[in-house]
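The primary structure of each chain is shown beneath.
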Amino acid sequence: MPPFRRFHSLIPPSQSASAIAFQWLSKTQKLPPQKQTQLLDANQLQRFSATLSRTELSESLPENDTPLPACYHLAYFTPSQIEQDLGRDGTDTTFNPPNPFTRRMWAGGELEWIQKDTGRLKVGQVVTERTELLSAEGKRTRAGEEMIVVAVEKQYENEHGLALVDRRYISLWDTCGNFISSTSLLSHIYRNWIFRPEIKEPQVPAAQPEESPFPDGYNTRDFCQTPVTLFRFSALTFNAHKIHYNKEWCKEVEGHRDLVVHGPLNLVNIVNFWRDLKGGDVLPKRIAYRATGPLYAGEKYRLILDSEKDRITEARMIDSYGKVSMRGQIEGFE
């Protein structure tokens, strides 16, 4: 398989975010969608399950035709760049806009499973991922900082045809720590990455708030992620973003008070809790989710799932200080 193209070019940094986004998009949309094909091997599924402490698929090697649980495709089709091509913060730069918009953040999206049974992704299948860059738009945060919003959609096809559509978007916090959303949770969204200028001066970590009791909920599950879990999740998804494993980078450069829990890890845990409550190897029809604030290693947080209404289950994650850090909706098949 040929190496991935890097969808960026040199554009004068003095231009506005809108001008840079327009020129970059005009060039990249002339290129065909990015494709890669991969065997869904049992070893990766077993180790991903072990990282999530899910013994049903980690105690022995899964057999061929074992269905992938919802969202476990995230362990496959990982970035393939060599280290010298990664960003300063360790992120993959395949779809990066030109400098200075190199600091990527991702914290939400939407997933849609096309078929309930026959078209599922399974161990032993050869699956093709098709990635398409849809849009790039220059915007400003509430603090006035320029950024570029990049929308990407990924489709996964097996021998039965289209199995899964993965649309992701990114939410972010401005320089004052305020959350900024690129879109509402319920809108039709794609995988959007937001690129902010590279950090020039180290950010000061925010003070740790005073803890508050967790709220009650219809169904609850508590978490406290360890650096080991974050490292293993980063390794399996081949994610070298330093905010997940390098505490010095977190505190001395980006202004986080500790290692940041992966947004996709929280997504998988939300869906796993929903599956446990449903019982059996149930597959959702659609999931929409977005993060509204960071969660940190060593700090407890609670997942609350409301009662299902019209096949929709509302989800939210709340940190130890009373702040909602992720929201989601899970829609089941009829």
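Nothing here was measured: the structure is a model prediction, and the numbers come from that model.

Calculation notes
Numbering of residues starts from 1 in every chain and runs along the sequence as written. At least 70 in pLDDT is required for a residue's local features to be given in this predicted model, at least 80 for side-chain atom pairs to be given and counted, and no such filter applies to totals for whole chains, interfaces and linings, which use all residues. Only hydrogens and water are set aside; all other atoms, that is, all heavy atoms of the structure, feed into the side-chain values. Here, the term nonpolar core denotes a set of buried Ala, Val, Leu, Ile, Met, Phe, Trp, Tyr and Cys residues that are joined through side-chain atoms within 4.5 Å. Three labels apply to residues, based on accessible area from a 1.4 Å probe with only protein chains included: buried if under 20% of the type maximum, exposed if over 50%, partly exposed otherwise in between. Numbering of helices and strands starts at the N terminus; helices are DSSP runs of H or I of at least 4 residues and strands are runs of E of at least 2. Contacts between residues were defined by any pair of non-hydrogen atoms, one from each residue, lying within 4.5 Å. Paired rings are identified among Phe, Tyr and Trp, the last through its six-membered ring, by centres lying within 6.5 Å, and are further divided according to the angle between planes into stacked (under 30 degrees), edge-to-face (over 60) and tilted (the rest). In our convention, an over-ring charge means Lys NZ or Arg CZ found within 6 Å of a ring centre and within 35 degrees of that ring's normal. When a carboxyl oxygen of Asp or Glu is within 4 Å of a side-chain nitrogen of Lys or Arg, the pair counts as a salt bridge. A cavity here means a set of points on a 1 Å grid, drawn over the protein atoms and nothing else, where a 1.4 Å probe fits but cannot get out; a pocket is an open set with protein on both sides within 12 Å along at least five of seven lines, and a residue lines either one if it has an atom within 4 Å of a point. Grid points are joined across faces, edges and corners, and a volume is the space filled by probe spheres set on the points. Under the grouping applied here, Gly and all other residues not named as nonpolar or charged are polar, the nonpolar ones being Ala, Val, Leu, Ile, Met, Phe, Trp, Tyr, Cys and Pro and the charged ones Asp, Glu, Lys and Arg. Strands pair, by our definition, only if DSSP identifies at least two bridges between them. For helices, the axis comes from a line fit to the C-alpha atoms of the stretch in contact; other axes are also lines fit to C-alpha atoms, and the angle between any two N-to-C directions lies between 0 and 180 degrees. Throughout this description, any angle smaller than 35 degrees is read as roughly parallel, any larger than 145 degrees as roughly antiparallel, any in the 65 to 115 degree range as roughly perpendicular, and the remainder as oblique. By definition, any crossing whose near helix is turned counterclockwise from its far helix by less than a right angle is left-handed, and any crossing with a clockwise turn is right-handed. Between N or O atoms, a polar contact is any pair within 3.5 Å; within protein, one atom must be a potential hydrogen donor and the other a potential acceptor, and residues adjacent in sequence are included only when both atoms are from side chains.

Enquirer: Residues and numbers for the nonpolar core, please.
Expert: With 55 residues, the main nonpolar core has Cys71 and Ile287 as its most contacted residues. Looking at this core element by element, the count peaks at 7 residues for helix α5 (residues 263-278). Residue contacts for Ile287: discarding those within four places in its chain leaves Cys71, Gly109, Glu110, Leu111, Trp113, Leu267, Val271, Gln329 and Ile330. Ranked by size, the runner-up nonpolar core spans 13 residues in total, among them Leu25, Phe95, Val152 and Phe195.

Enquirer: Go over the side chain of His262, please, and point to the residues and values.
Expert: The residue His262 is located in the loop between α4 (247-254) and α5 in this model. Once residues lying within four places of it in the same chain are set aside, the contact partners of His262 are Leu230, Phe233, Ser234, Asn239 and His244.

Enquirer: Report on the packing of aromatic side chains, specifying residues and quantitative values.
Expert: Taken as a whole, this structure holds 4 aromatic pairs when the rule is applied. Taken together, a centroid distance of 5.3 Å and an interplanar angle of 75° make the contact between Phe48 and Tyr72 edge-to-face. Separated by 24 residues along the polypeptide, Phe48 in helix α2 (residues 42-51) and Tyr72 in the loop between α2 and β2 (101-105) bring together distant segments of the chain. On the basis of relative accessibility, which here comes to 1%, the residue Phe48 falls in the buried class. A centroid spacing of 5.6 Å and a plane angle of 20° characterise the contact between Phe223 and Tyr301, whose relative ring orientation is stacked. Taken together, the positions of Phe223 in strand β10 (residues 219-223) and Tyr301 in strand β12 (residues 301-305) put the pair 78 residues apart, joining distant regions of the chain. Judged by its relative accessible area of 13%, Phe223 falls in the buried class. Ring-pair connections join several aromatic residues into one group, and the members of that group are Phe48, Tyr72 and Phe233. Above the plane of the ring of Trp249 lies Lys242, whose end atom (NZ or CZ) is 4.6 Å from the centre.

Enquirer: Give me the lowdown on the pattern of salt bridges, citing residues and values where you can.
Expert: For the structure shown, the criterion picks out 19 salt bridges. Between Arg316 and Asp306 there is a salt bridge, with its nearest N and O atoms 3.2 Å apart. With Arg316 in strand β13 (residues 312-319) and Asp306 in the loop between β12 and β13, the pair connects residues that are 10 residues apart, well separated along the chain. By relative accessible area, which is 22% here, Arg316 ends up partly exposed. The partner of Arg311 in a salt bridge is Glu331, with the nearest N and O atoms 3.1 Å apart. Taken as a pair, Arg311 in the loop between β12 and β13 and Glu331 in strand β14 (residues 324-332) lie far apart in primary sequence, 20 residues in all. What makes Arg311 partly exposed here is its relative accessible area of 26%. The buried category is assigned to Glu331, whose relative accessible area is 14%. Each of the salt bridges in this network shares a partner with another, and the network as a whole consists of Glu110, Glu112, Glu153, Arg167 and Arg286.

Enquirer: A description of empty space enclosed by the protein should follow, citing residues and the corresponding values.
Expert: Per the counting criterion, the structure on display carries 1 cavity of 30 Å³ or more. Volume-wise, the largest cavity comes out at about 90 Å³. Lining the largest cavity, in full, are Leu68, Pro69, Ala70, Cys71, Tyr72, His73, Trp113, Arg120, Leu121, Ala163, Leu164 and Leu283. Classifying every residue of the lining of the largest cavity by side-chain character gives 10 nonpolar, 1 polar and 1 charged.

Enquirer: I'd like a description of the pairing of strand β5 (residues 146-158), backed by residues and values.
Expert: Burial within β5 is extensive, with 11 of its 13 residues counted as buried. The pairing of strand β4 (residues 126-140) with β5 spans 12 bridges and is antiparallel. Along β5, the bridge assignment pairs Arg140 with Glu146.

Enquirer: Hey, could you go over the environment of Glu159 for me, with residue numbers and the actual values?
Expert: Along the polypeptide, Glu159 turns up in the loop between β5 and β6 (161-169). Spatially, the C-alpha atom of Glu159 lies 10.0 Å from that of Arg120, the residues being 39 residues apart in sequence.

Enquirer: I'd like a rundown of the packing of α2 against helix α3 (residues 227-236), residues and numbers included.
Expert: Relative orientation of the contacting elements α2 and α3 amounts to 160°, with a least axis distance of 9 Å. With respect to α3, the axis of α2 lies roughly antiparallel. Where α2 crosses over α3, the handedness of that crossing is left-handed. Residues Gln44, Arg47, Phe48, Ala50 and Thr51 of α2 form the contact with α3, whose participating residues are Thr229, Arg232, Phe233 and Leu236. Here the residues of the contact of α2 with α3 are counted per class, giving 4 nonpolar, 3 polar and 2 charged.

Enquirer: I'd like to hear about α2, residue by residue, with values.
Expert: One turn of an α-helix holds 3.6 residues; hence residues three or four places apart share an orientation. Burial runs high along α2: 7 of the 10 residues are buried. Buried residues of α2: Ala42, Gln44, Leu45, Gln46, Phe48, Ser49 and Thr51, and no others. Buried-residue contacts for α2 involve α3. Where α2 begins, the capping side chain belongs to Asp41, and its oxygen is found 3.2 Å from the backbone nitrogen of Asn43. Residue Ser53 follows α2 closely and has a positive phi angle near 60°.

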